[in-house]
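Coordinates in review
Here's the letter readout for the chains.
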Amino acid sequence: MSIKVHHYQEHENRLLSETDVLLSKDDYQGWFSKTHRGKEKKTFCYSLTKSLEAPGFWLKTGYCIGLDWLEPGKLAINVAPKLNTDEQQVDFVRMLLSALRHSEVAPETHNLVLVDWKSPPIQIEQKQDLLTPFLVAEFLGLLKAIVKKGLKRSYYSIDRNLKNRVKGKILVGKSVKYNLLQNKKLQNYCRYEEFGLNNVENRLLKKALLFVERYLSNYQQLANQKEIKPIFNYIKPAFRRVSDKFDFNELKEIKTNAFFKEYQGAVRLAKLIIRRFGYNVANTQKQVVPTPVFWIDMSKLFELYVLGLLKDRFQKQVRFQYTFYGNELDYLLKTKDYQMVIDAKYKPKYSNDKDDADIRQVSGYARLKKIYEELDVNRGAVIDCLIIYPDQENGKINLLDVNLKEVEIPHYFDVYKLGVKLPLMNESR
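Looking at the pattern of salt bridges
- Evaluated as defined, the whole model comprises 16 salt bridges.
- The salt bridge involving Lys 347 is made with Asp 355; its shortest N-O contact spans 3.2 Å. Side by side, Lys 347 and Asp 355 carry an identical accessibility label, which is buried.

Set out below in structure tokens:
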């Protein structure tokens with residue numbers, strides 16, 4: 001049976017004819033389920049509902065890009081960034097890499113991608129694959145943060161056949177099988193512990209790194225990006241003394257450590273990458289690949305991209321997702337020239353319009369007593385607010401020399417907006 005794949009953009013509302021959509025149900029919905037700060041949260045991906053006004057179905061997409069089934073085995077949906085046009089395509093991989101230039105951003109990349117391994121995979125061409133480049137970029141970003149801090153050293157078990165000596169515990173079964181039955185009476189199969197880099201976590205990361213290396217050599221569109229090669233070349237030497245021999249039964253031995261918090265995300269991505277290629281490195285060279293159902297949260301990705309731009313200029317003077325009594329600000333900026341509450345809104349409409357609900361939200365954050373204390377602002381003063389949004393026509397490429405108060409939103413005091421341009425495919429910066 002041939003599979004139809006419909007291509008759409010995020011945040012789209014389109015009426016489809018009944019001949020385009022031959023489904024057994026009238027309603028479909030897709031959600032991105034994730035855990036955020038210990039609470040379950042759902043992000044809308046798409047819906048397909050029977051039209052009551054005209055023959056056909058209404059398809060509505062959210063602020064996520066990805067690949068999913070509308071009906072398994074029959075009809076699939078492929079959602080691309082909403083800012084894409086026939087002439088230009090948003091490079092969301094470069095958006096992620098831009099944010100990951102700052103190692104402290106790496107732990108914030110959790111919940112960016114949802115992969116559904118339970119649904120049947122969808123066959124697509126390698127060049128249409130959006131998932132793998134994104135996983136690779138996120139994985140390398142986390143590894144860079146790990147290498148910068150230093151690879152984790154810990155105790156790990158070694159099984160080895162020793163001659164004329166005993167170390168640790170003798171493995172009776174293996175000693176009988178490999179030594180006594182083969183008349184090697186002077187050898188003992190032992191299990192003992194060593195302290196070093198060759199622990200189970202590092203070996204898993206090294207294994208996934210080999211998959212990434214082979215993939216980069218075949219996927220030139222990603223490998224040629226100037227951000228990727230320096231990251232990979234920075235990471236690879238750190239794993240030179242780590243073995244790539246890994247048994248997936250060892251996964252249960254992996255333990256998290258608060259000091260090495262990047263490991264949790266890197267281990268998760270390593271497992272995703274290896275599973276993505278069916279545990280076989282040869283699959284990195286296939287032109288047609290089975291791709292699992294997945295969604296990428298573009299709203300969250302835009303937040304991280306803006307965070308990277310702010311950190312390029314303000315470094316540690318900007319705080320991300322400042323939380324106080326259930327209120328969660330995107331950014332809090334405190335410098336000599338700026339004391340601001342900043343919000344990132346993935347809404348191009350701000351180029352020539354505004355959203356009063358967003359302005360009320362960010363203004364409400366700026367009225368919190370705790371924010372006045374953090375910014376050292378006296379009671380009664382008005383704290384500046386800034387909304388940053390995507391603008392592909394007149395947006396700023398970076399914020400290094402930008403006046404954050406240049407454009408005030410009409411009808412409001414001390415509430416400003418600033419457009420940033422998202423990177424494009426095959427665009428040099």
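Further notes follow.
Here we look at the sheet that holds strand β17 (residues 339–344)
- Pairing in this open sheet of 5 strands is mixed, and the strands run β15-β16-β17-β18-β19 from one edge to the other. Unpaired on one side and paired on the other, β15 (318–324) and β19 (415–420) mark the two borders of the sheet. Direction aside, neighbouring strands of the sheet carry axes that sit 35 degrees apart on average.
- Where β17 meets strand β18 (residues 384–390), 5 bridges bridge the pair, whose relative direction is parallel. Pairing of Val 341 across the sheet is with Cys 385, part of β18.
- Lying over the sheet, helix α9 (residues 356–365) contacts β16 (327–334), β17, β18 and β19, oriented at roughly 140 degrees with respect to β18.

Topic: the environment of Thr 335
- Note on placement: Thr 335 falls in the loop between β16 and β17.
- When the C-alpha positions of Thr 335 and Gln 317 are compared, they lie 6.4 Å apart, and in sequence the two are 18 residues distant.
- If sequence neighbours within four positions are ignored, Thr 335 has contacts with Phe 314 and Gln 317.
- At a separation of 3.2 Å, a polar atom in the side chain of Thr 335 contacts the main-chain amide nitrogen of Asp 337.

As for the sheet that holds strand β10 (residues 154–163)
- Spatially, the 3 strands line up as an open sheet ordered β10-β12-β11, and their pairing is antiparallel. One side of each edge strand has no neighbouring strand; the edge strands of this open sheet are β10 and β11 (169–170).
- Summarising the sheet, β10 and strand β12 (residues 187–196) pair through 10 bridges and their orientation is antiparallel. Among the inter-strand pairings, Arg 160 is bridged to a residue of β12, identified as Cys 190.

Considerations on the packing of aromatic side chains
- Enumeration according to the criterion identifies 9 aromatic pairs in this entry.
- Between Phe 314 and Tyr 338 the ring centres are 6.2 Å apart and the planes differ by 85 degrees, which places this aromatic pair in the edge-to-face class. Separated by 24 residues along the polypeptide, Phe 314 in helix α8 (residues 298–314) and Tyr 338 in the loop between β16 and β17 bring together distant segments of the chain.
- Feature note: the residues Tyr 63, Phe 302 and Tyr 346 constitute an aromatic cluster, connected by ring pairs.

A look at the pairing of β16
- As judged from the 6 bridges shared by β15 and β16, these two strands associate in the antiparallel manner. Residue Thr 323 lies in a different strand from β16, and its bridge partner there is Glu 328.
- By the bridge criterion, 4 bridges tie β16 to β17 in an arrangement that is antiparallel. Looking at the pairing, Leu 333 lines up with Met 340 of β17.
- From the end of β16 to the start of β17, which pair antiparallel, there are 4 residues.

How each quantity is defined
Residues numbered from 1 in each chain as written. Predicted model: local features only at pLDDT ≥ 70, side-chain atom pairs only at ≥ 80, totals over all residues. Heavy atoms only, no water. Salt bridge = Lys/Arg side-chain N within 4 Å of Asp/Glu carboxyl O. Buried < 20%, exposed > 50% of the residue type's maximum accessible area, 1.4 Å probe, protein only. Pairing = 2+ DSSP bridges. Helix = DSSP H or I, 4+ residues; strand = E, 2+ residues; numbered from the N terminus. Axes fitted to C-alpha atoms, helices over the stretch in contact; angles between N-to-C directions. Contact = heavy atoms within 4.5 Å. Polar contact = N/O pair within 3.5 Å; in protein donor to acceptor, adjacent residues only side chain to side chain. Phe/Tyr/Trp six-rings, centres within 6.5 Å; stacked < 30°, edge-to-face > 60°.

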